[in-house]
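# Structural overview
Listed below are the residues making up each chain.
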Amino acid sequence: MRQYAKYVKPYIWCFILGPIFMIVEVLGEVVLPKLMSVIINYGVGQQIGVEPKGTGFILMIGGVMILTALLMMLGGVLGAYFAVKASVNFAADLRRDVFRKVQKFSFANIEKFSTGSLVTRLTNDITNMQNVIAMALRMMLRAPGMMIGGLIMAFVMNPRLALVLCVVIPLLVVALVLVMRTAFPRFDTMQNRIDALNSRIQENITNQRVVKSFVRDDFEKETFDTANLDLKDKTLRAMKVVILTMPIMTLTMNITVMAVVWFGGQQILVGDMPVGDLTAFTTYVTQILMSLMMMSMIMIQGSRALASSHRILEVLNTKIDLNDNEAKEKERLVTQGKIEFRNVGFRYYKKHKHNVLQNINFTANPGEIIGIIGSTGSGKSSLVQLIPRLYDCTEGEVLVDGVNVKDYSLNNLRNGVAMVLQKNTLFSGSIMDNLRWGDENATDEEVYEAAREAQADLFVRDFSEGYDMELGQGGVNVSGGQKQRLCIARALLKKPKILILDDSTSAVDTATEAKIRQSFSTSLRDTTKLIIAQRISSVEGADRILVMDEGQIVGQGTHEELLESCETYQEIYYSQKDREEVAG
């Protein structure tokens, strides 16, 4: 719980005032039954040997009761207000920190949690904690206060009759403990099933085009139904605890009240107890048992919140395996763009026996264009992801401007590198907003220039709203080639020292691709450019081409040199040439 202290401290006055105002309501609930018994015993004259004090006395005590009720209302309203304010602020700050922690995650950290699970933890789990805090602040003093106040008044009024409670309360406490032990693992399982359902929904909606193109609607419906039914079953199993608890508590309360009325009625008949005292005593018994019901609800909901808290702390306590805490040159910027790989080896998981990359050695000088080509799975994308430290190499060193990338701050290193990934991602918002991801302070003219260089300006201006056109989630309302060009424009606007294009012109025709490459030699003359491509035509004009096969560089040189010396490159070149001739 110490980890949550910092979310309580800024709003400590709300956490204190909420329960204090609820105490005002509790005091009223303890006082009102006694005042009612005074009216019955003395105002009406139901106590043996007491003359009725008349209407004036009744009105006076009634006035006190009205004033008490108004104070109770004020206390209840203010108590609820501060409880809600405390819980909402607590949840907002916690959600902010969990989101910021997720933003710091490396790819390996993110892979530990599914996307749906992280969404559930940021929303559903934190909301569970918020609701329980609000409930607890309203009831944590009210419920015990009602029980303690009721017990004191019950024993003061009739100690013998109060012994009934000494039998009932221990039984209910044992029942609550059993409920807690049963509820926690069930709610934990239920939250995991919510994760699975959220992941299923997100995957399906994000990939609707694939689902429809493969006519897999029925399969997806069946998969969703399975996950949904599983969640339903686990939810019902967890809620059975709640469903059974309330009737049992209510039955116990009614039986207790019946016992009190039975034994109290006998005392009234023999003159040992006034009628008004039995009325008040019955109210106190009801309050005591109601307070136990409140505590049972707090404990049940608390067990669910405890499961949610465990899941939230899993995220907050996750050790980020890629950071710059030990960086030796945090203030250094990428100024030239020289890249050097020295005996680099890499694997995605330590438990894997074999490296994805092994013995990688090459140097890219500032301003050079380096082409990277190879078969699918040869390690091209893995190689370039080591430069901005999306992953860390397992062996060897990756250097930028002669400095190990691990010695840069992540912010400074990545500010010097722009990547256009295989999966082109755009965000909800206007085209202008998306392009300004490259430079949020760029002028409109700078945005237009970057779009022109990426061959995107013409088609953007064809839209009726131009650069103000709203893009759907993921850029679903533009074509694949248009999306690629917008992503390239976004990267160019960053004016990086190193530009990485990971097969990012595959959906663009060769003429447009040639124009994009031409812009690299002008506006990005001093930028080091690494171009991963499937087509040799995309890299044959590069200063140097790296040929990769099974995680190794099997050839380096110009297009002409590799045609003479590298068998793998020859195979790729002639196979593509044959396909072009057949297509022609």
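Residues numbered from 1 in each chain as written. Predicted model: local features only at pLDDT ≥ 70, side-chain atom pairs only at ≥ 80, totals over all residues. Heavy atoms only, no water.

### Comments concerning the nonpolar core
Judged by nonpolar contacts, the single largest core of 45 residues is most densely connected at Ile431 and Tyr467. Discounting residues that sit within four places of it in the chain, Tyr467 has contacts with Ser430, Ile431, Met432, Leu435, Val447, Tyr448, Ala451, Asp457, Val460 and Arg461. Among the nonpolar cores identified, the runner-up in size contains 32 residues, and Val344, Ile360, Ile372 and Ile500 belong to it. (Core = buried A, V, L, I, M, F, W, Y, C linked by side-chain atoms within 4.5 Å. Buried < 20%, exposed > 50% of the residue type's maximum accessible area, 1.4 Å probe, protein only. Contact = heavy atoms within 4.5 Å.)

### Points about the pairing of strand 12 (residues 552-557)
One ladder, built from five bridges, connects strand 11 (residues 544-549) with strand 12; its direction is antiparallel. Looking at strand 12, one finds that Leu546 is bridged to Gln556. Where strand 11 hands over to strand 12, the hairpin turn is made up of two residues, of which Glu550 adopts a positive phi near 55°. (Pairing = 2+ DSSP bridges. Helix = DSSP H or I, 4+ residues; strand = E, 2+ residues; numbered from the N terminus.)

### Some words on the sheet that holds strand 10 (residues 528-532)
A sheet is described by the order of its strands in space; here six strands give the open sequence 6-9-10-3-11-12, paired in mixed fashion. Where the open sheet ends on each side, the last strands, each with one partner, are strand 6 (417-420) and strand 12. On average, each strand axis in the sheet is tilted by 15° relative to the strand beside it, whichever way the strands run. In this structure, strand 3 (residues 369-374) lies alongside strand 10, joined through four bridges in parallel fashion. Pairing of Ile372 across the sheet is with Ile532, part of strand 10. Packing of helix 16 (residues 480-493) onto the sheet brings it into contact with strand 6 and strand 9 (498-502), and relative to strand 6 it is tilted by some 180°. (Axes fitted to C-alpha atoms, helices over the stretch in contact; angles between N-to-C directions.)

### Some words on the environment of Val26
With respect to the helices and strands, the residue Val26 is situated in helix 2 (residues 12-43). For Val26 and Leu141, which are 115 residues apart along the polypeptide, the C-alpha to C-alpha distance reads 8.5 Å. Apart from the residues lying within four places of it in its own chain, the contact partners of Val26 are Leu141, Arg142, Gly145 and Met146.

### Some thoughts on helix 16
Relative to the 20 Å expected for 14 residues at 1.5 Å per residue, helix 16 spans 20 Å between its end C-alpha atoms, a close match to the ideal helical length. Of all 14 residues that make up helix 16, 13 are buried, and the element is covered over most of its length. Where helix 16 terminates, the next one or two residues include Lys495, which has phi positive at roughly 50°. (Expected span 1.5 Å × (residues − 1).)

### Here we look at the pattern of salt bridges
Counted under the stated rule, the structure contains 20 salt bridges. Among the ionic pairs, Glu29 bridges to Arg142, the shortest N-O distance being 2.8 Å. Taken as a pair, Glu29 in helix 2 and Arg142 in helix 6 (residues 142-157) lie far apart in primary sequence, 113 residues in all. In terms of burial, Glu29 and Arg142 fall into one category: buried. (Salt bridge = Lys/Arg side-chain N within 4 Å of Asp/Glu carboxyl O.)

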